[in-house]
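Remarks on the overall topology
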There are 2 protein chains.
Amino acid sequence: MLKTTKLSDPAFNPHSLNKFASLMTTGNGYMGVRATHEEDYTQQTRGMYLAGLYHCAGRGETNELVNLPDVTGVQLEVNGEPFTLMSGQPEHWQRELDFSCGELCREVIWRAPSGARVQIASRRFASMAQHPLLAMQFTVTALDRDVTLSLSSGIDGTQTNSGRQHLDELSLRVFGQQVLQGAWATQSGSHEVVITSHCQLSQPADSCFTAKNRKLLQNSTLSLAVGDSVTFEKINWIVKRQPDTLSLDTFCRRCLNDLQACAAPGFEALRAESQAMWQQIWRSNRVVVDSTDSRDQVALDFAHYHLAAMTPTHDERVSIAAKALTGEGYKGHVFWDTEVFLLPYHLMTRPETARSLLRYRYLNLAGAREKARRNGWHGALFPWESAQSGQEETPEFAAINIRTGLRQKVASALAEHHLVADIAWAVVNYWHATQDEAFMREEGVALLTETATFWMSRAVEANGRLEIHDVIGPDEYTEHVNNNAFTNYLAWHNVEKALHFSRQFGEVQPAFAQNAANFLQRLWLPKANEQGVLAQDDTFFSKPTIDLSKYKAKAGKQTILLDYSRAEVNEMQILKQADVVMLTYMLPERFSAEECLANLAYYEPRTIHDSSLSKAIHGIVAARSGQPEEAWRFWQAGCEIDLGDDPHSSDDGIHAAATGAIWLGAVQGFAGLSVCDGELHLSPTLPEAWRSLRVPLCWHGVRLQLDITADEIVLTTTQELSLWLWGREVCIDGEVRYAKSDFLNSKSGTATREGVV
Amino acid sequence: MLKTTKLSDPAFNPHSLNKFASLMTTGNGYMGVRATHEEDYTQQTRGMYLAGLYHCAGRGETNELVNLPDVTGVQLEVNGEPFTLMSGQPEHWQRELDFSCGELCREVIWRAPSGARVQIASRRFASMAQHPLLAMQFTVTALDRDVTLSLSSGIDGTQTNSGRQHLDELSLRVFGQQVLQGAWATQSGSHEVVITSHCQLSQPADSCFTAKNRKLLQNSTLSLAVGDSVTFEKINWIVKRQPDTLSLDTFCRRCLNDLQACAAPGFEALRAESQAMWQQIWRSNRVVVDSTDSRDQVALDFAHYHLAAMTPTHDERVSIAAKALTGEGYKGHVFWDTEVFLLPYHLMTRPETARSLLRYRYLNLAGAREKARRNGWHGALFPWESAQSGQEETPEFAAINIRTGLRQKVASALAEHHLVADIAWAVVNYWHATQDEAFMREEGVALLTETATFWMSRAVEANGRLEIHDVIGPDEYTEHVNNNAFTNYLAWHNVEKALHFSRQFGEVQPAFAQNAANFLQRLWLPKANEQGVLAQDDTFFSKPTIDLSKYKAKAGKQTILLDYSRAEVNEMQILKQADVVMLTYMLPERFSAEECLANLAYYEPRTIHDSSLSKAIHGIVAARSGQPEEAWRFWQAGCEIDLGDDPHSSDDGIHAAATGAIWLGAVQGFAGLSVCDGELHLSPTLPEAWRSLRVPLCWHGVRLQLDITADEIVLTTTQELSLWLWGREVCIDGEVRYAKSDFLNSKSGTATREGVV
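Residues numbered from 1 in each chain as written. Chains lettered and ligands numbered in written order. Predicted model: local features only at pLDDT ≥ 70, side-chain atom pairs only at ≥ 80, totals over all residues. Heavy atoms only, no water.

1. Things to note about the overall build of chain A
The cut-off we apply is this: Helix and strand labels come from DSSP, where a helix needs a run of H or I of at least four residues and a strand needs a run of E of at least two; each type is numbered from the N terminus. Note that the radius of gyration is over C-alpha atoms, with the globule rule given as 2.2 Å times the number of residues to the power 0.38. Each residue's exposure class comes from its accessible area (1.4 Å probe, protein chains only) as a fraction of the maximum for that residue type: buried when under 20%, exposed when over 50%, partly exposed otherwise. In what follows, residue pairs with any heavy atoms lying within 4.5 Å of each other are defined as contacts. Working convention for charge: Lys and Arg count positive, Asp and Glu count negative, and His plus the chain ends are omitted. Charged groups are reduced to one reference atom each: NZ for lysine, CZ for arginine, CG for aspartic acid, CD for glutamic acid.
Counting secondary structure elements, chain A contains 20 helices and 32 strands. Here the C-alpha radius of gyration of chain A, 27 Å, is about what a compact globule of 757 residues would show, namely 27 Å. Seen through its C-alpha atoms, chain A measures out along the principal axes to roughly 85 × 60 × 50 Å. Split into buried and exposed, the 757 residues of chain A put 64% on the buried side. The contacts in chain A between residues at least 6 apart in sequence include a share of 66% that link residues at least 24 apart. Charged side chains in chain A number 68 positive and 91 negative. The centres of these two groups are separated by 2 Å.

2. Focus: the sheet that holds strand 14 (residues 167-175) of chain B
Residue and element names in this part refer to chain B. For the record, the criterion: Any two strands with at least two DSSP-identified bridges between them are counted as paired. Every axis corresponds to a line fitted to the C-alpha atoms, with the helix fit spanning only the stretch in contact, and the corresponding angles, defined between N-to-C directions, vary from 0 to 180 degrees.
Spatially, the 9 strands line up as an open sheet ordered 1-9-10-11-12-19-16-15-14, and their pairing is antiparallel. Both edges of this open sheet fall to strand 1 (6-8) and strand 14, since each of them pairs with a single strand only. Strand-to-strand, the axes of this sheet are offset by a mean angle of 15°, without reference to chain direction. As judged from the 8 bridges shared by strand 14 and strand 15 (residues 179-186), these two strands associate in the antiparallel manner. Among the inter-strand pairings, leucine 167 is bridged to a residue of strand 15, identified as threonine 186.

3. Regarding the layout of surface pockets
The test is simple: A pocket, in this scheme, is an open set of points on a 1 Å grid over the protein atoms alone with protein on both sides within 12 Å along at least 5 of 7 lines, while a cavity is a set where a 1.4 Å probe fits but cannot get out; residues line either one if an atom lies within 4 Å of a point. Grid points are joined across faces, edges and corners, and a volume is the space filled by probe spheres set on the points.
Taken as a whole, the second largest pocket encloses approximately 690 Å³ of empty space. As for the second largest pocket, its lining consists of 28 residues, and the residues nearest its centre are A:Met86, A:Ser87, A:Gly88, B:Met86 and B:Ser87. At the level of elements, strand 8 (81-82) and strand 9 (89-98) of chain A together with strand 8 (81-82) and strand 9 (89-98) of chain B are the ones that each hand at least two residues to the lining of the second largest pocket. When residues in the lining of the second largest pocket are grouped by element, the largest group, 3 residues, is from strand 9 of chain A.

4. Considerations on the sheet that holds strand 32 (residues 735-739) of chain B
All names here are of chain B. Strand order across the open sheet formed by 5 strands is 20-27-28-29-32, with antiparallel pairing between neighbours. With one partner strand each, in any of the chains shown, strand 20 (288-291) and strand 32 form the two edges of the open sheet. Neighbour-to-neighbour, the strand axes of this sheet turn through a mean angle of 15°, independent of strand direction. Where strand 20 lies against strand 27 (residues 690-699), 4 bridges are found, and the strand directions are antiparallel. Within strand 27, the residue paired with valine 289 across the bridge is leucine 693.

5. Observations regarding the environment of A:Arg214
Operational definition: Whenever a nitrogen or oxygen atom comes within 3.5 Å of another N or O atom, the pair is scored as a polar contact, on the condition that within protein one atom can donate a hydrogen and the other can accept it, and that pairs from neighbouring residues in sequence are kept only if both atoms are in side chains.
Inspection of the secondary structure assignment puts A:Arg214 in the loop between strand 17 (206-212) and strand 18 (215-224). Along the backbone, A:Arg214 and A:Ile155 are 59 residues apart, and their C-alpha atoms lie at a distance of 8.5 Å. In this view, A:Arg214 contacts A:Ile155, A:Asp156, A:Gly157, A:Thr158, A:Gln165, A:Leu167, A:Glu169, A:Trp184, B:Glu61, B:Ser162, B:Gly163 and B:Arg164; residues no more than four positions away in its chain are not counted. Here A:Gln165 takes part through its side chain, which lies 3.5 Å from a polar atom of the side chain of A:Arg214.

6. Considering unusual backbone geometry
Residue and element names in this part refer to chain B. Even without being a glycine, arginine 214 presents a positive backbone phi close to 70°. Residue classification places arginine 214 among the buried positions, given a relative accessible area of 4%. Positive phi outside glycine occurs at aspartate 470, with the angle close to 55°. Note that aspartate 470 resides in the loop between strand 24 (465-467) and helix 11 (485-505).

7. Concerning the packing of aromatic side chains
Just so we agree on the cut-off: Pairing of aromatic side chains requires ring centres within 6.5 Å, counting the rings of Phe and Tyr and the six-membered ring of Trp. Pairs whose planes differ by under 30 degrees are stacked, by over 60 edge-to-face, and all others tilted. Lysine and arginine charges are scored as sitting over a ring when NZ or CZ, respectively, is within 6 Å of the ring centre and within 35 degrees of the ring normal.
Taken as a whole and judged by the stated rule, the model has 55 aromatic pairs over all chains. A centroid spacing of 6.5 Å and a plane angle of 65° characterise the contact between A:Phe540 and A:Phe541, whose relative ring orientation is edge-to-face. We classify A:Phe540 as buried; its relative accessible area is 0%. Arranged with centres 5.0 Å apart and planes meeting at 15°, the rings of B:Trp278 and B:Tyr305 form a pair that is stacked. Of this pair, B:Trp278 sits in helix 3 (residues 267-285) while B:Tyr305 is found in helix 4 (residues 295-309), placing the two residues 27 residues apart along the sequence. In this structure an aromatic cluster arises from ring pairing among A:Phe540, A:Phe541, A:Tyr602 and A:Tyr603. Stacked on the ring of A:Trp524, the Lys or Arg A:Arg465 has its end atom at 4.0 Å from the ring centre.

8. Some thoughts on the pattern of salt bridges
Formally: Every case where a carboxyl oxygen of Asp or Glu lies within 4 Å of a side-chain nitrogen of Lys or Arg is listed as a salt bridge.
Counted under the stated rule, the structure contains 104 salt bridges over all chains. Across the salt bridge formed by A:Lys550 and A:Asp563, the nearest N and O atoms sit 2.7 Å from each other. Highlighted residues: A:Lys550 in helix 13 (residues 549-552) and A:Asp563 in helix 14 (residues 560-563), separated in sequence by 13 residues. Taking the shortest distance from any N to any O, the salt bridge between B:Glu392 and B:Lys371 comes out at 2.6 Å. One end of the pair, B:Glu392, is in the loop between helix 7 (365-374) and strand 21 (397-400); the other, B:Lys371, is in helix 7, and 21 residues separate them in sequence. A relative accessible area of 7% places B:Lys371 in the buried class. The structure contains a network of salt bridges with shared partners spanning A:Glu91, A:Arg111, A:Arg117, A:Asp144 and A:Arg145.

9. Digging into the relation of the copies chain A and chain B
To keep it simple, the criterion reads: What sets the superposition is a least-squares fit of C-alpha atoms, and only residues with pLDDT of at least 70 in both copies go into it.
Note on the identical chains: chain A maps onto chain B by a rotation of 180° and an axial translation of 0.0 Å, with an RMSD of 0.0 Å. What we have between these two chains is a two-fold relation. The residues that chain A uses at the interface reappear at the interface of chain B in 96% of cases, marking a shared surface.

10. Details of the environment of A:Leu53
Residues and elements named next belong to chain A. Along the chain, leucine 53 falls in the loop between strand 4 (48-50) and strand 5 (54-56). Distance in space between the C-alpha atoms of leucine 53 and serine 22 is 19 Å, their sequence separation being 31 residues. Setting aside residues up to four positions removed in sequence, leucine 53 forms contacts with Glu64, Leu65, Val66, Leu68, Thr186, His191, Val193 and Lys240.

11. A closer look at the interface of chain A and chain B
Rules: Two parts placed together each lose some accessible area under a 1.4 Å probe, and the buried area is that loss summed for both. Polar here means any residue outside two lists: the nonpolar Ala, Val, Leu, Ile, Met, Phe, Trp, Tyr, Cys and Pro, and the charged Asp, Glu, Lys and Arg; Gly therefore counts as polar.
Counting residues at the interface gives 46 residues for chain A and 44 residues for chain B. Between chain A and chain B, roughly 3600 Å² of surface is buried when both sides are summed, and carbon and sulfur atoms account for 50% of that area. Between chain A and chain B we count 6 salt bridges in total. Two residues, A:Asp652 and B:Lys212, come together in a salt bridge whose shortest N-O distance is 3.5 Å. At the boundary of chain A with chain B, the tally comes to 20 residue pairs in polar contact (both at pLDDT 80 or more). When its residues are assigned to classes, the side of chain A that touches chain B shows 16 nonpolar, 18 polar and 12 charged.

What follows is the structure, given as structure tokens:
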């Protein structure tokens, strides 16, 4: 069996409950279940989500990922004392998420306030083999005296999204002595969910059921002799009912049958079946690093685990939320994060998943066209925040304005339009990686031309050229500017590729071709100044700067908004993340290493990195520009976004894009992978700390493995494959070893990117 | 100042958090605020309710009292450690509700896990002088070292009713550095509520505001030198916006102005103003007992406090919920409890409140007529559970049926019709106590004739007489029976009084008079058997009995339903509360002391007392029947319903009717007050433990005070008043002393009720 690292929650700490609940989420792309403890804590937020199950809870709200009734809670009393680690003493603590099989385990020895000691061991996994299945075990052992236990567990429909309730209760019932079932519908009636739980105790107990106030519980009491254990095993089956198929009653009966069939082999068999699926994932895709810092491999495994646990492979109508299925941050909405930070991983490992994620956008084209039309433009303006229907889901309000006392309006939905070009960029990347003609002919060309059409209508005539006015780039601390460099370059790329691929695969409308040619010729693409620095927008260089060190020290927390209003921040050279650095990352063909470095040097001091998307990209650009040590520092800082010491960094979910960026940093940064003019380039440059790096990839349907050390690279393919290594084209079939010194003029360890620009 | 007893929460105990949160609710009839601690506990349910603010949260739900956004929570950290009594050590604990001024106080010395010791003192009251006002203070003192504190408090809109969310957020904002304001509307738009909070710290602090996920918070950090204190003072103004008056924006501004005007004099002045109102209440109405058991006076003061705190004197469209404004049990619905258990207190102390409570039913006659019509009857069938509109609000389902696994349907709304006659009974009592002709002419006669009309249509021709079939009496363990004695007698009383008063005050329709006469002549009134026992219904005597001791030992918990389904309980002589005993209580003119005793003796062993309405009535009947010691045991057991040791007795609210019954027991039991044929009778008989009893009353607009000892009674009136004392008519003006021995033949201490039958 392939062993991975494990993520460990080092100690019980009420401050970090929600961080580890997010980080250790068990999931399978269909469901995500926050790693909350079985017992309650006031600070602890439970959460179980099904991918794509969104609902809008009332006026002034938007659709959000629905927090489903909880099944993980177990209320235990030992001799009448409620088990909680806030009281008594934990005498032993071990808690781990085993990435290799997706199992969350905890083992605690608890001394109750009255002195009785019990061992409590619990395990939980969401099955990778049977998506609706969530299995749990909860074992109590009496260590030094006989004890009386009471256990309550069931299906708890009091869960809300921070007080927003989405579900009406349709029915609650019990079958025999072991099965509980509840059915709920979203208040709009758009979705129904049925949860069935098979509860079994390994020892005889007095049990009764209660159904009150949205909770269906099995309550059991039993006596445990010293040295004895009792195991509470709970197998849960969580499914959405498709409307217009079976009646609710028949469907519920079917759920009962499915659960009983599934529960029959028992926890261990179910676990083995799920582990086998996880093992396939690890064997295909695990990136392995030999680093002097053992946290690096944990970060890579953490990223990989979550990339699998968050990705819906079962339904093309669903994409990936900014916090995956690990919490309610950003309400479970889909951002450009998916196309820019997550899609490259899928492209290079399991391209059918990348296709499915692009199909999600394709299936939501109607909403994007509608949004463009409502705003007076043509083509497709995808929603800045997307849920299930493709309509705009960005909330109206953000934090309180410190000057007015009113909540500030969120401007992204109005002006953060680069997302449109990002989607087109992802389509082009998909083509390069897969050469999937069927997709390009249908979905690809449609996405490219609709997005290009948007840009052509979005540009305005000004200063004798076409300009793009009143946008927000990725840097959200600079709002409503003209000719944002990132946006203009990406829009140009979008239109250029739309013209190219619609010529290659579609029938080009003459009007479209003419418009596109005009746009490409006349759109203003800002030029670098004498220092090689590109202005972020028309007015950026004219704004004052301030010392940001205080805020950079608390990167990610947006503390600047406690001292300045958004309007004030807007009028200074203050960046949440650097647009131009991002631009040099996304369109590497367009910028030389020197230009990349110049922009990095100018913008980084002005960037707070309040966006989780920021540091990783800086790292990749630094690596590509021949600064692997600087890159490694950025990369590690990117890993710290979720895995660092801040106990509240991930309370409302992990940063899905940041997990993608961990992979991106290793592969696009240190393995030096880039795609230029459709061709695969590798320029590996490891940081000192990394003795080796193994990366498995998939390119044009061929499996390719890179084994990189400081001095050489071994490339292994399943078929003949051409690629560019350190700027020289090589053709590989089977396993080939290359010494870096054979490719590079200098042996300084800094690879130049000759032939790549 | 008149001092009362105080209610004390003896120790911090996670099991009894919700019990004391209910018992110590601060309220003023307009709002009720559960006595939850400032810090959170997993088991603790916060609650703030405005009388009459109901809403239905979704399909399958009924209207319920809305749990409003919380203002009482204060999250404190001491040197980064969250303050909670689950961790560290409480070294001192005192917590009291001072009935005399309605103030809840707590004083704790807490040793944090790290060893730092702080004293935390908090106070809170809902103003009796200004209904929308809730004032709080929270003081922290550093006892043995300098500490850093962080405090978060604000308006928390994540509150729900067990997961049911009723409110949409309309706006959240901040004014200056001290005022937070939120506005919410019920999801149906029927109500809007605006909460404005003025937050002030007595020491300088670093503060910022956050508004996220339905929480508007002021977050402050400050340093406290050893020996220093900081007081956080929060004055809250909680109001409903009347639709169609001011715009929301103008209304919010007005709330801000009202709050600022009100907060200006500060906590102590506001407290004094509220206390002055409470003192008036106590001076007018306090019942004083000199008992060997000090708990007796606490129970009387507890009852009195809650009778004032629960009663809406500001709005006739609102009545009193079964759990008052202290919790969400029974969803805040109004039952017969109001008319039968609470109204007598108001009649005899502040009759304008009794009038207002009867007006609530009068204003809801349309809904009652509609319910009768929908079920094929005439007149007014009041809803078994009522909220704001008079429509039936009884939930569809109760607990799980242990045989079928399905939830059992609640039958009360279908058949528990005695409520109709109970309301008529209360109208008659109101007339006797007040002689309020204006009310009788309009509301009184309308209520009597509409309810009487219902009974006339409800009776059926059977066995050559009129019978009432398929009803549920107060004993809900016996469903769907014919000729329930309680119902038939009360229905007869209803029709008889309707005929009488409509002749006296209204114009009697000939058809009504003829129907009524026929009904009174032909309705079957079950007769006592040879032992003097009245059958509860036609089939009751034919059912088997079982040993109930196991269930009686857990009275109030309905444990019998864990062993038997409702259908099974129905087929045995098992009573939740005794109908016939209740009947002898309600219509004392109709039953001799011997008959009362015979029925008590027969039914009590068959009664589990699973209803909180049961024991107190048994006590009154026992007292009236010359068994004061037995009566006292029942009375004390009735006091224990909320005040006893069971830590969960009152989790979802106090038993409002039981507080009424504490007063009833003292006044109708031991002071022996009854009204027979419209005249006031007193037959005081104190239990051994009571050395004296003082009762202030109001009768026909005259203030009357009773000072009772074992041997004599002193009657004091403000005007001339005639009444019956121990069966003999007396006329009092000023203060008159009577020796019991002058009235009774025997000196056994057992008063007979001669002349009363």
